[in-house]
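Listed here are the chains, written in short residue letters.
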Amino acid sequence: MKSLYIYPIEGLYNELFNPNPKTLENEIAIINGTLDINGCFWAEIFNNTNILKLIDKLKVFSYSGLDLEPQFSSILSNIENFISCVNEAIVNICDQGNSEQEFFKYLETINILISLYNRFGKYSNIHLSVQDGYRFDDYSYKNINDKCLLEKFNPFLELIIEKIIPLIEEYNPDIIFFVGKPSYFSVAIAKLIKHRHRSIKLGITRHSSEYFSLSKITPYLQRNQMLFSDFDYVILECFEAIEKLLINCLENNGKLAEIPNILFKNQFNEIVKTNQKYIGNAIPYTLYTRTYTNNRFRINPNYVADIHIAPYSKCYWNKCTFCGINKKYSHDYQQCEFEDFYDNVNNVIKQVKTIKYLWFIDEALTVEQLAIIADCLIDNNANIMWQARTRIEKELLSHQLVEKLHKSGLRELRLGLESACIKTLKNMNKFDSDFSLKLVDDIVELFTRNYISIHFPIIIGFPDESDYDRSITYEYLRKTSTNNKLVTFNINILNLDVSSTLFKNWYNYAICSPILPCLPEHFIGNIADWQGEKSNYSELESERNNFMREILYNWYPKNAITSPVVYYRLMESIRNTLIIKANSTNGCLSSDKEDVTLVLSNKTIVTYLSPHRFLVYDWNSHHYFRCNKTLIKIILEWKTPMTREQFKERILTEYKDLITENDLNILISKFISEYHFLDIK
């Protein structure tokens, strides 16, 4: 039986999870039974001809007399520079040797281009983003059903009709597996194939991620007649194993009801859920590696790998009221036995000879499992830096353990603190009753002393959380990260997961009623809203971005298009949060020495706005400011390489009546420490 896997169109390099510039050169083709055109989609976004068409529209708009965003004004001032910056960014963002500022430089450049598409592109009615590609109202299958075959709502439709459908028909599969959640892209293909070729079977598989899983919403799917008029099967769990069982069943005219972990429609038009079954040891571990790129990167992406070392072991706590992550699985927590876990780790080490950075994606490893990993890495003399997540446990206070973890290469440990407000933590059911922040302080102090970074995921916006409750968390993060430079955090706004205790027992919390975004029989999302006293989302969004910028990224431009929250998420997706911590010397050249010769960056663009107004925009740092004609003359003096003292002497001689020494000192400081407009000569 001939199968075809169709992958979704989503974020750039699949949300930077697999950074490889070569994917932007791929043609639309079925390779080894797989159709994956995500790179082709983004290649069109970055096509220079398409970018120039956008800039032509920007030019026309500029004649309206309305104010332009500073980024757009700078583009028009030097179009060649912008095209060059984009072409550089789409390649160099894949370099895993980037510092924080370098990664931001490339990400912000790409986001500026995407902003052009969102303003002037053909599908400006659909929001485009680096993280997701086009963002649709895809929580309702009815929305997708009603709109996916209308070009106005589906930017992929022309491509699907003209290229993808003929390609599929030429390949002539017996069954098509659509990877990921149903989308405008996949449903449009399914509808057209179902209309033309009734004999081809269509299934949905491999949809589970940290953020989404169809397995969590099977009661809704069992009412979704519309979805099962387009698709024949939904695989709920143990995807690869069930795909093989399904193919074997179809080849041998077997009974679908005997295949575990699927949804299908029977002869009575009923949507049937078969028994969910844990298929133990089908895959002892899952290793996700990247392909080598021939670019001259400081750290090639193929040095980085993700590992799910115990794929059938869920989070062993499984009590947090807000969390639905374990609902992706049908089985209870399966402890991976010591010997099996030890063998898994050793086998992985033997496979990853070229890997230098290993990211464990298990929901939560136990302290004992962390120790096993460390022992195996040390015993095998593996030169690997790694990251993992576990719970805040008193067992982490073993000095011998922490020293061993550092020796083995552990450089970041993620601990789900979520809040520093005890009232909120109790509502979350996050810890046992004897928990205290002193335990967290002691863990942080011990790990920091051993040069292991502790990272805290934080949640704000929990029902009944007050401004004061949040301020407790902010103050704790401020104090802890100030006293321990290796401590980092990211801040999430609560999403009400429909499989969580919080949703199912909403009446026990400060929730009047949960609200689905559509009718239950059409719902294919994971997140609901709720009525009740809660903080304003836009205020929370602003609050967390400002706090992360203040505490973690004091170099971050205040008016950047890329928010600090998105910046962190993509830094984590590409695994640079681990790599930067593992290479603490990694960073930009320092220009703070008095005797260093400096010159105005060739990426610092001066734009004429009016007779007395100019814009200075730097495409390295993405800082900018507006100024008058006098200040522009002073700035341009640094086109000649000079030290700070030479520049100061020249300006106080040539412009002594126009600027004071104190103001000049402030300007020089901003140039070097804040705006980064200068390069070392």
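Right above here is the structure, for reference.
For the structure given in this document, a descriptive report is provided here. Predicted model only: the values in this text are computed from it and were never measured.

Definitions and limits used
- Residues numbered from 1 in each chain as written.
- Predicted model: local features only at pLDDT ≥ 70, side-chain atom pairs only at ≥ 80, totals over all residues.
- Heavy atoms only, no water.
- Buried < 20%, exposed > 50% of the residue type's maximum accessible area, 1.4 Å probe, protein only.
- Helix = DSSP H or I, 4+ residues; strand = E, 2+ residues; numbered from the N terminus.
- Arc of directions from axis to C-beta.
- Contact = heavy atoms within 4.5 Å.
- Polar contact = N/O pair within 3.5 Å; in protein donor to acceptor, adjacent residues only side chain to side chain.
- Pairing = 2+ DSSP bridges.
- Axes fitted to C-alpha atoms, helices over the stretch in contact; angles between N-to-C directions.
- Phe/Tyr/Trp six-rings, centres within 6.5 Å; stacked < 30°, edge-to-face > 60°.
- Lys NZ or Arg CZ within 6 Å of the ring centre and 35° of its normal.
- Parallel < 35°, antiparallel > 145°, perpendicular 65-115°, else oblique.
- Nonpolar A, V, L, I, M, F, W, Y, C, P; charged D, E, K, R; others polar.
- Core = buried A, V, L, I, M, F, W, Y, C linked by side-chain atoms within 4.5 Å.

1. Focus on helix 14 (residues 399-408)
Among the residues of helix 14, those classed as buried are Leu401, Val402, Leu405 and Ser408. Looking straight down helix 14, one finds its buried side chains confined to an arc of 125 degrees; they lie on one side. Turned more than 90 degrees from where helix 14 packs its buried face, Gln400 and Lys407 sit exposed. Contact partners of the buried residues in helix 14: helix 13 (367-379), strand 14 (385-390), strand 15 (410-415) and helix 16 (437-449). Looking one or two places after helix 14, you find Gly409, whose phi comes out positive at around 115 degrees.

2. Some points on the side chain of Glu465
Inspection of the secondary structure assignment puts Glu465 in the loop between strand 16 (453-460) and helix 17 (467-483). For Glu465, a relative accessible area of 8% gives the class buried. A distance of 3.4 Å separates a polar atom in the side chain of Glu465 from a polar atom in the side chain of Arg470. Each residue touching Glu465, except ones within four places of it in the same chain, is listed here: Thr424, Ile459, Ile460, Arg470 and Ser535.

3. Structural notes on the sheet that holds strand 18 (residues 496-497)
The strands that make up a sheet are held in pairs by hydrogen bonds between backbone atoms, and each pair lies either parallel or antiparallel. One open sheet accounts for 3 strands, arranged 18-20-19; its pairing is antiparallel. The sheet is open, and its two borders are formed by strand 18 and strand 19 (513-515), each paired with just one other strand.

4. A closer look at the sheet that holds strand 22 (residues 604-610)
Strand order in the open sheet made by the 3 strands is 22-23-24, with antiparallel pairing throughout. Strands with a single pairing partner mark the edges of an open sheet, and in this sheet they are strand 22 and strand 24 (624-627). Taking the axes of each pair of neighbouring strands and ignoring which way they run, one obtains an average angle of 20 degrees across the sheet. As paired strands, strand 22 and strand 23 (residues 613-618) are joined by 6 bridges and run antiparallel to one another. For Val606, the partnering residue across the bridge sits in strand 23 and is Val616. Where helix 22 (residues 629-636) meets the sheet, its contacts fall on strand 22, strand 23 and strand 24, and the angle it forms with strand 24 comes to roughly 130 degrees.

5. Some thoughts on the packing of aromatic side chains
Any pair of aromatic rings gets described here by the distance separating the centres and the angle formed by the planes. Here the structure, examined in full by the defined rule, presents 41 aromatic pairs. Judged by centre distance (5.7 Å) and plane angle (85 degrees), the ring pair of Phe156 and Phe185 falls under edge-to-face. Taken together, the positions of Phe156 in the loop between helix 7 (141-147) and helix 8 (157-171) and Phe185 in helix 9 (residues 184-196) put the pair 29 residues apart, joining distant regions of the chain. Exposure remark for Phe156: the relative accessible area of 5% places this residue in the buried category. On the basis of relative accessible area, Phe185 is assigned to the buried category, the value being 3%. Within the aromatic cluster, the residues linked to one another by ring pairs are Phe41, Trp42, Phe46, Tyr123, Tyr134, Phe136, Phe156, Tyr184 and Phe185. In this arrangement the basic side chain of Arg119 is found over the ring face of Phe61, its NZ or CZ atom lying 5.5 Å from the centre. One cation-aromatic arrangement involves Arg569 over Tyr211; the distance from NZ or CZ to the ring centre is 5.2 Å.

6. Focus: the packing of helix 4 (residues 70-77) against helix 6 (residues 100-120)
At a closest axis distance of 11 Å, the pairing of helix 4 and helix 6 adopts a crossing angle of 95 degrees. When the interaxial angle is binned, helix 4 and helix 6 end up roughly perpendicular. Within the contact between the two elements, helix 4 uses Gln71, Phe72 and Ile75 and helix 6 uses Glu108, Ile112, Ser115, Leu116, Arg119 and Phe120. For the contact of helix 4 with helix 6, the class distribution of residues is 5 nonpolar, 2 polar and 2 charged.

7. Remarks on the nonpolar core
If you look at the biggest cluster of nonpolar residues, it comprises 182 residues, and the most contacted ones within it are Trp386 and Phe456. For this core, the leading source of residues is helix 6, giving 11 residues. Residues in contact with Phe456, not counting those within four places in the same chain, are Leu415, Leu417, Val440, Val444, Leu477, Thr480, Val487, Thr488, Phe489 and Asn490. Core analysis: the second largest hydrophobic core is formed by 24 residues, Leu600, Phe614, Phe625 and Leu667 among them.

Take it as geometry only, folks, not as evidence of what the structure does.
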